[in-house]
Amino acid sequence: MKNFILLLILTAFNFIYSQAISTNPEFPTETDEIEITFFIQEMSRKDLAGYGGILYTHTGVNTSLGNWQHVIGTWGDNNSQPTLERISTDVYQITINNPRAFYNLTNSNEHITSLNFVLRSADGSKQTEDLFVPLFEDGLNIKILEPLSLPIYPLAGEKIDFVIVASEADSLKLLLNNNIIAQSIEDTLRYSIIAEGSGRQKIKFLAKSNDETYVDSLHFIIRENVNIEELPSGLTTGLNYIDDNSVTLAIFAPNKKFVYAIGDFNNWEFDPSDSESWDFDSKYYFNLTPDSTIFWLTLNNLVKNKEYRFQYLIDGKLRIADPYSDKILEEEDSFISEDTYPNLIEYPNDETSFSVSVLQTGQTPFQWEADNYIKPNQSNLIIYELLIRDFVSTHHYQTLIDTLDYLQKLGVNSIELMPINEFEGNESWGYNPSFYFAPDKYYGTKNDLKKFIDECHKRNIAVIMDIVLNHMYGRSSFVRLYSSGDYGPVTSENPWFNIASPNPVFSWGYDLNHEKIETQNLVDRVTKYWLNEFKFDGFRFDFTKGFTNRVGDGSSFDQSRINILKRIADKIWEFDSTAYIILEHFAPDSEENILTDYGMMVWGNVNYNYSEAAMGYNESDKSNFGRISYKNHGFTKPNLVGYMESHDEERLMYKNLTFGNVLGDYSVKNLNTALNRIKTAAAFFILVPGPKMIWQFGELGYDYSIDYNGRVGNKPIKWDYLEVQERKNLYKTFSSLNFLKQNYPTFSTNNFTLSTNSSIKKIELLHETMNAVILGNFDVVVNSANPNFPNTGKWYDYFSGDSLNVTLSQSLISLQPGEFKIYTSKKIHNPENDDDSTDIDIPDTFKLLQNFPNPFNSGTDINYTIPNEETYVQLKIYDALGKEVETLVNEKQKPDSYEVHFDGRNLASGIYFYKITYGSKSETKKMVLLK
């Protein structure tokens with residue numbers, strides 16, 4: 001007797017095989033010459049449909065020793081991988097003569113069970129799913145052509161078609177529950193049955209040839225009718241926690257037949273092959289609302305605070321995670337450290353290969369502390385954009401909290417986090433979203449994120465969420481619920497997505513259709529969730545140019561897009577009238593003017609012009625960064641978030657050091673010269689009225705290219721820059737400029753002019769409280785600038801503290817190459833450079849600041865202030881076990897502010913403590929050394 005081996009797996013092959021692939025001979029063996037024909041239009045993934053170029057194949061075999069063995073060539077190498085012959089449109093062939101020889105199998109004990117293929121375009125940008133061609137042994141064989149997929153879950157009365165093909169068989173028989181229901185002496189048996197009764201039914205296939213018999217069986221389950229019942233009042237799609245032991249699950253899935261819950265609560269049992277006695281358990285069989293759109297189920301008797309992993313089984317075939325779950329498990333979770341996410345429940349590798357939801361009743365609500373926080377004024381935002389992965393080496397929210405002293409001293413009042421909701425993979429910029437309601441675990445727990453936001457709010461620092469609502473990627477349950485393959489492409493039934501993006505130039509993942517009511521409902525729920533549950537202060541929306549169904553590259557005026565964005569903004573402000581809305585739009589000024597007048601902000605990219613100015617070039621007006629002013633866009637409101645650098649732009653210091661202008665002894669490529677020119681650029685950037693954005697480490701002169709290690713690859717984390725005095729001086733300049741912007745209304749005035757079309761640049765700002773003039777020489781030679789002061793009298797140099805007695809407003813001022821001056825009509829305090837001790841505010845009480853940088857990889861600074869009278873001070877460093885490492889201070893000190901440098905380069909990575917004793921009092925803080 002010969003068994004039908006690996007029935008379920010072979011049936012999965014046949015699903016593709018029977019529709020998308022044909023072979024000659026029909027039952028090929030591992031030594032035959034096999035002609036294989038591929039029908040692109042019949043495949044689940046149709047990337048190659050209509051493709052007219054050369055097709056290559058990535059190919060290998062499944063053998064008795066493992067899957068995808070003996071792969072030919074290297075993916076993407078057109079010289080090492082086979083080509084296919086184009087027979088007609090979307091039909092291709094390849095001939096494999098003797099697979100053992102073709103794939104170089106030399107072990108006589110290793111046998112091929114299938115030929116495996118992925119077809120791809122010449123450039124690798126388009127491809128098919130994995131395709132499998134099963135091979136057979138000589139003699140009696142059988143193939144199931146229908147049903148196309150297993151398991152089967154019919155209702156009573158539904159028809160099931162069976163088509164079985166055999167080779168070298170004298171007879172074929174089909175048995176239902178051990179009763180013969182059809183037989184044939186031909187090589188093909190076709191028969192249809194009507195499902196009757198209930199529960200498990202057994203089908204047996206039997207083929208005979210002389211004395212040889214081939215037999216195997218499968219099961220199908222006659223399921224119950226779905227119960228029709230309204231979703232209980234007050235509940236919505238997703239996870240609805242009822243009490244400490246109950247949760248109601250709900251999924252929006254119109255046109256689906258049934259939903260069944262599988263997970264830890266029922267040992268993941270759903271497949272009739274799992275157990276001879278298994279049957280549908282109504283406890284896990286979903287109800288359906290009368291409008292046939294929402295399936296829902298209440299689970300009871302759950303253990304309080306226990307985490308349960310689960311998925312939805314849709315129509316007996318599709319397994320998806322709940323798209324609204326706030327915790328998603330993925331296979332790559334094993335690479336997340338215990339320090340980043342303690343006690344992370346394991347991904348159930350033995351149960352699934354798709355995304356998994358987690359539910360947990362009885363969770364303790366997070367206790368917010370920053371109750372009196374008020375958002376910074378929108379027009380005066382100084383935003384710090386950062387990617388957690390490339391900012392702190394632990395890529396953890398707690399470490400990010402430890403940097404807040406550094407950021408607060410820098411003078412930023414808002415932090416913009418690049419996407420932190422669940423994205424595909426761990427190492428990512430985050431613009432490949434998969435789940436909108438789950439914080440990505442690579443950065444820590446959801447409460448770690450809340451703690452970070454709470455700590456920012458305690459310091460009056462806003463937190464802005466960068467979010468991607470233009471598209472999603474294939475792991476998304478919203479994508480997978482209506483797609484023709486495991487991870488797309490989406491079908492016309494999908495309620496949220498376009499089948500193809502209307503933008504022929506810029507397109508990523510699967511394109512959301514913002515004109516569909518289902519997408520609008522989703523977007524509104526996403527934005528409200530993050531504002532309410534996590535207390536984000538607003539959003540930076542990625543690629544809003546794509547929020548349209550108008551065909552084109554998005555560069556022309558689009559009223560439909562304006563309407564979509566206004567609708568989104570209205571819903572956000574309906575919940576939080578102070579929420580920031582920032583658009584990465586880059587549409588015509590006429591369109592952005594309407595949006596900014598409405599109260600939204602738009603990104604203002606002036607990277608190229610600032611780079612040219614900093615490098616010392618001005619040919620053809622290319623250093624003219626005048627569009628940093630919202631007025632030069634024709635806007636009536638200061639809602640342009642201008643920036644010199646962003647995650648998407650090349651770094652100014654990299655260009656200075658690589659391409660900077662050189663004339664005689666003056667070289668922009670010199671480190672100190674390059675840093676000083678960044679100071680000049682910063683003065684002409686930060687002090688222009690309107691919100692501004694700084695990209696991480698720009699304040700230290702980050703000089704690694706955006707393309708280092710690949711554009712989205714990991715970049716060096718350079719906290720050691722703070723040990724270079726010239727870089728630290730750049731940080732202090734940024735801090736001083738931010739201080740000016742936030743503390744003097746002159747730099748928020750609407751009465752200002754920019755003169756930036758030559759290498760000598762000027763900004764004039766007029767306000768009833770104080771006037772200011774900023775001059776800068778962006779040339780590589782000495783130049784004279786005409787300040788044309790708006791009034792005579794005394795003017796003060798902000799950084800030097802020097803004064804000018806202006807009697808003639810046309811007097812020229814000489815500026816060295818790269819030099820700048822900030823003049824104000826009143827003397828104002830520069831916190832970083834003030835020799836007048838009477839102007840220094842010494843607190844009435846002792847103050848010990850958090851060291852910065854923290855974490856650090858060799859050295860760090862500790863700042864403290866001694867109040868009132870001379871005091872004996874000791875400052876000591878201890879390791880985590882309490883052992884003294886070093887004494888930094890042991891002396892009497894007068895009332896003043898002090899900065900002490902600690903050199904940890906000879907110490908091991910770990911947690912250390914610094915303890916300061918002053919008189920009879922002491923204080924201790926923690927710091928982290930990472931190498």
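Attention in this report is confined to the structure presented alongside it. (Residues numbered from 1 in each chain as written. Predicted model: local features only at pLDDT ≥ 70, side-chain atom pairs only at ≥ 80, totals over all residues. Heavy atoms only, no water.)

## Observations concerning the pattern of salt bridges
Taken as a whole and assessed by the stated rule, the structure comprises 40 salt bridges. Two residues, Arg 309 and Asp 264, come together in a salt bridge whose shortest N-O distance is 2.9 Å. Taken together, the residues Arg 309 in strand 22 (residues 307-314) and Asp 264 in the loop between strand 19 (259-263) and strand 20 (287-288) connect sequence positions 45 residues apart. Note on Arg 309: relative accessible area 18%, which makes it buried. Among the salt bridges present, the one from Lys 728 reaches Glu 899, with a minimum N-O distance of 3.0 Å. Of this pair, Lys 728 sits in helix 14 (residues 725-743) while Glu 899 sits in strand 50 (residues 896-903), and the two are 171 residues apart along the sequence. Three or more residues are tied together by salt bridges with common partners; here these are Glu 369, Lys 451, Glu 455 and Lys 458. (Salt bridge = Lys/Arg side-chain N within 4 Å of Asp/Glu carboxyl O. Helix = DSSP H or I, 4+ residues; strand = E, 2+ residues; numbered from the N terminus. Buried < 20%, exposed > 50% of the residue type's maximum accessible area, 1.4 Å probe, protein only.)

## Things to note about the sheet that holds strand 2 (residues 21-24)
Ordered by their spatial adjacency, four strands build an open sheet running 2-3-7-6, and the pairing between neighbours is antiparallel. Of all the strands in the sheet, just strand 2 and strand 6 (85-88) have a single pairing partner and so form its edges. Geometrically, the sheet is characterised by an average inter-axis angle of 30° between neighbouring strands, direction not taken into account. Where strand 3 (residues 33-39) meets strand 7 (residues 91-97), seven bridges bridge the pair, whose relative direction is antiparallel. Residue Ile 36 lies in a different strand from strand 7, and its bridge partner there is Ile 94. (Pairing = 2+ DSSP bridges. Axes fitted to C-alpha atoms, helices over the stretch in contact; angles between N-to-C directions.)

## Points about the packing of helix 11 (residues 607-615) against helix 13 (residues 671-686)
Relative orientation and spacing of two packed helices are given, respectively, by the angle between their axes and the distance between those axes. Relative to each other, helix 11 and helix 13 sit at 140°, their axes nearing to 9 Å. Judged by the angle between their axes, helix 11 and helix 13 are oblique. Note on packing geometry: the crossing formed by helix 11 with helix 13 is right-handed. Within the contact between the two elements, helix 11 uses Tyr 610, Ala 613, Ala 614 and Met 615 and helix 13 uses Arg 677, Ala 681, Phe 684 and Phe 685. (Parallel < 35°, antiparallel > 145°, perpendicular 65-115°, else oblique. Left-handed = near helix turned anticlockwise from the far one by under 90°. Contact = heavy atoms within 4.5 Å.)

## Description of the sheet that holds strand 46 (residues 847-848)
Pairing in this open sheet of three strands is antiparallel, and the strands run 46-47-50 from one edge to the other. Strands with a single pairing partner mark the edges of an open sheet, and in this sheet they are strand 46 and strand 50. Bridging between strand 47 (residues 859-866) and strand 50 involves eight bridges; their strand directions are antiparallel. Following the sheet pairing, Ile 862 is matched in strand 50 by Val 900.

## Focus on the environment of Gly 488
Position of Gly 488 among the secondary structure elements: in the loop between helix 7 (477-480) and strand 30 (510-511). The exposure class of Gly 488 is buried, given its relative accessible area of 7%. It is 14 Å that separates the C-alpha atoms of Gly 488 and Pro 433, two residues lying 55 residues apart in sequence. Ignoring anything within four residues of it in the chain, the contact list for Gly 488 reads Val 479, Ser 483 and Tyr 510.

Interpretation note: all reported values are geometric properties and have no functional meaning in isolation.
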